[in-house]
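Commentary on secondary and tertiary structure
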Amino acid sequence: MSQNVHTFSSAKLVEMKKYYQDFLDENPQGALFRARTKNAVITAYNSGKVLFQGANPDIEINKWVKQNKVKKIQVHPEKLNNVLTRTHIGSDESGTGDYFGPVTAAAVYITEAQISELKKMGIQDSKLIKDDIIRALSKKIVEMNIPYSLLILPNEKYNQLQSKGWSQGKMKAMLHHHVIDNMIKKINPHNYEGIIIDQFCLPHVYKNYLASENKFVHSKTHFLTKAEHHSVAVATASVIARASFLKEMDKLSHLSGYSLLKGASNKVDRLIAQIMREKGLEYLNKIAKTHFANTEKANNYL
Ligand code: MN
């Protein structure tokens with residue numbers, strides 16, 4: 001059985017529910033509607049996520065996804081290069097692959113003159129930099145008075161949104177949107193060439209996530225994969241977001257009394273089992289992203 005997930009605007013979900021009105025099935029918990037056609041079982045959630053399952057889900061998917069494709073954002077390479085080498089805003093997030101700790105996101109405003117200076121300082125994708133260097137670089141960035149905005153999504157709030165049906169993608173999209181929004185509000189005049197978002201989902205999916213919360217993509221926004229390697233603003237944002245994640249992990253380790261591990265390896269599973277034994281399953285809600293498969297896998301070590 002094949003399975004596919006697509007994201008749609010709330011208006012589109014209303015249209016879909018109407019279209020499938022003669023095929024509606026019993027609603028699973030948390031779902032907006034479920035329809036059963038001869039091709040597929042279609043389950044829609046308030047988050048905008050729609051799950052297509054069954055024998056021929058593509059037949060149903062094609063009725064809806066084709067129309068979405070038109071909205072794809074096309075970036076002219078020359079235009080993009082013009083943004084990357086000039087004054088621009090960049091955003092990135094951290095902590096999404098780590099079982100313990102929050103998700104953090106940062107947006108940074110970099111002037112054309114600062115680009116080479118930051119490159120010389122060793123600013124690059126935070127995934128390529130050791131933790132102590134990330135902390136030191138982040139301090140330097142703050143000392144340089146580079147304008148930035150930062151948001152931290154604590155674990156309890158993350159888990160609450162997740163149980164409400166938000167995907168991690170939607171959480172990331174909203175975090176990026178808000179840090180960029182806060183960043184734009186901080187700078188005056190608005191003399192930037194563009195905004196670069198480190199792309200983690202297709203631009204139309206990002207747009208739909210925002211639309212489901214009545215938000216819109218800022219003008220002059222460009223989505224770029226592996227943007228940390230191309231945009232100094234995104235690389236700087238990645239350092240600030242990671243440094244903040246590390247700081248939050250220190251705080252949570254201190255509070256909980258455990259040396260919380262980064263990542264989501266089976267070492268993490270063992271630590272989860274220990275915490276479950278000593279503090280109970282509920283406690284994880286405060287310090288971890290509990291929907292990760294690690295929570296289930298930890299049972300092997302109990
Ligand atoms: Mn990234």
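Keep in mind the model is a prediction, meaning the values are calculated, not measured.

A separate point is the overall build of the chain. The secondary structure content of the chain amounts to twelve helices and ten strands. Taking 19 Å as the expected radius of gyration for a compact globule of 302 residues, we find that the chain reaches 21 Å, a close match to that expectation. Considered along the principal axes of its C-alpha atoms, the chain spans approximately 60 × 55 × 30 Å. The long-range share in the chain, meaning contacts at least 24 apart out of those at least 6 apart in sequence, stands at 70%. The average position of the 42 basic charges and that of the 28 acidic charges among the side chains of the chain differ by 2 Å.

Judged by nonpolar contacts, the single largest core of 67 residues is most densely connected at Ile-89, Phe-100, Leu-260, Ile-275 and Ile-287. For this core, the two domains that each supply at least three residues are domain 2 (77-250) and domain 3 (259-301). For Ile-287, the residues in contact, after removing those within four places along its chain, are Tyr-99, Phe-100, Gly-101, Asn-155, Leu-252, Leu-260 and Ile-275. Residues Met-16, Ala-35, Ala-44 and Trp-64 belong to the second largest nonpolar core, which totals 13 residues.

This part is about the packing of helix α7 (residues 168-186) against helix α8 (residues 203-211). Contact geometry of α7 with α8 gives a least axis separation of 9 Å together with a crossing angle of 80°. With respect to their mutual orientation, α7 and α8 come out roughly perpendicular. Along the contact surface, α7 presents Gly-169, Lys-170, Ala-173, Met-174, His-176 and His-177, while α8 presents Tyr-206, Tyr-209 and Leu-210. A class-by-class count of the residues in the contact of α7 with α8 yields five nonpolar, three polar and one charged.

So, on to the coordination of the manganese ion. Coordination of the manganese ion by the protein comes from Asp-92 (OD) and Asp-198 (OD), over a distance range of 2.0 to 2.2 Å. Linking Asp-92 in strand β6 (residues 88-94) with Asp-198 in strand β9 (residues 194-198), this pair joins segments that are 106 residues apart in sequence. In terms of burial, Asp-92 and Asp-198 fall into one category: buried.

Each domain of the chain was delimited in the assignment, giving domain 1 (2-61), domain 2 (77-250) and domain 3 (259-301). Placing a centre on the C-alpha atoms of domain 2 and another on those of domain 3 gives a separation of 28 Å. Contacts between domain 2 and domain 3 engage 20 residues on the former and 20 residues on the latter. Roughly 1,600 Å² of surface becomes buried between domain 2 and domain 3 when both sides are summed, with 55% attributable to carbon and sulfur atoms. By the criterion of area lost to domain 3, the three top residues of domain 2 are Tyr-99, Phe-100 and Asn-159, representing 48% of everything that side buries. The partner of Lys-262 in a salt bridge is Asp-131, and the shortest N-O contact between them spans 2.4 Å. At the boundary of domain 2 and domain 3, one finds 14 residue pairs in polar contact (both at pLDDT 80 or more). Where the side of domain 2 that touches domain 3 is concerned, the elements lending two or more residues are α6 (155-163) and α9 (232-256). It is α6 that provides the largest number of residues to the side of domain 2 that touches domain 3, a total of five residues. Residue composition of the side of domain 2 that touches domain 3, by class: eight nonpolar, eight polar and four charged.

Note that Lys-170 resides in helix α7. For Lys-170, a relative accessible area of 1% puts it in the buried group. Sequence-distant contacts of Lys-170, defined by excluding residues within four places in its chain, comprise Ser-47, Tyr-209, Ser-212 and Glu-213.

Now for the pairing of strand β4 (residues 41-45). For β4, a buried count of four out of five residues is recorded, marking the element as mostly surrounded by other parts of the structure. In this structure, strand β3 (residues 31-36) lies alongside β4, joined through five bridges in antiparallel fashion. Pairing of Arg-34 across the sheet is with Thr-43, part of β4. Taking the residues between adjacent antiparallel strands as the criterion, β3 and β4 are bridged by four residues. Where β4 lies against strand β5 (residues 49-54), four bridges are found, and the strand directions are antiparallel. Its bridge partner lying in β5, Thr-43 is registered against Leu-51. Two successive antiparallel strands, β4 and β5, enclose a turn made up of three residues, where Gly-48 displays a positive phi of approximately 100°.

Time to look at the pattern of salt bridges. What the rule picks out here adds up to 13 salt bridges. With a closest N to O distance of 3.1 Å, Glu-228 and Lys-127 form a salt bridge. Residue Glu-228 is found in the loop between β10 (221-224) and α9, and its partner Lys-127 is found in the loop between α4 (114-120) and α5 (131-143); the two are separated by 101 residues along the sequence. Accessibility expressed as a relative area gives 6% for Glu-228, which makes it buried. Asp-181 is the partner of Lys-185 in a salt bridge, and the nearest nitrogen-oxygen pair spans 3.0 Å. You can see Lys-185 and its partner Asp-181 sitting in helix α7, four residues apart, about one turn around the helix. A residue is classified by how much of its surface remains accessible, and Lys-185, at 64% relative accessible area, is exposed.

The rules we used
- Residues numbered from 1 in each chain as written.
- Predicted model: local features only at pLDDT ≥ 70, side-chain atom pairs only at ≥ 80, totals over all residues.
- Heavy atoms only, no water.
- Helix = DSSP H or I, 4+ residues; strand = E, 2+ residues; numbered from the N terminus.
- Rg over C-alpha atoms; globule rule 2.2 N^0.38 Å.
- Contact = heavy atoms within 4.5 Å.
- Lys, Arg positive; Asp, Glu negative; His and termini not counted.
- Charge placed at Lys NZ, Arg CZ, Asp CG, Glu CD.
- Core = buried A, V, L, I, M, F, W, Y, C linked by side-chain atoms within 4.5 Å.
- Buried < 20%, exposed > 50% of the residue type's maximum accessible area, 1.4 Å probe, protein only.
- Domains from an automatic or database assignment.
- Axes fitted to C-alpha atoms, helices over the stretch in contact; angles between N-to-C directions.
- Parallel < 35°, antiparallel > 145°, perpendicular 65-115°, else oblique.
- Nonpolar A, V, L, I, M, F, W, Y, C, P; charged D, E, K, R; others polar.
- Donors = N, O, S within 2.8 Å, 3.2 Å for Na, K, Ca; no water.
- Buried area = accessible area lost by both parts, 1.4 Å probe.
- Salt bridge = Lys/Arg side-chain N within 4 Å of Asp/Glu carboxyl O.
- Polar contact = N/O pair within 3.5 Å; in protein donor to acceptor, adjacent residues only side chain to side chain.
- Pairing = 2+ DSSP bridges.

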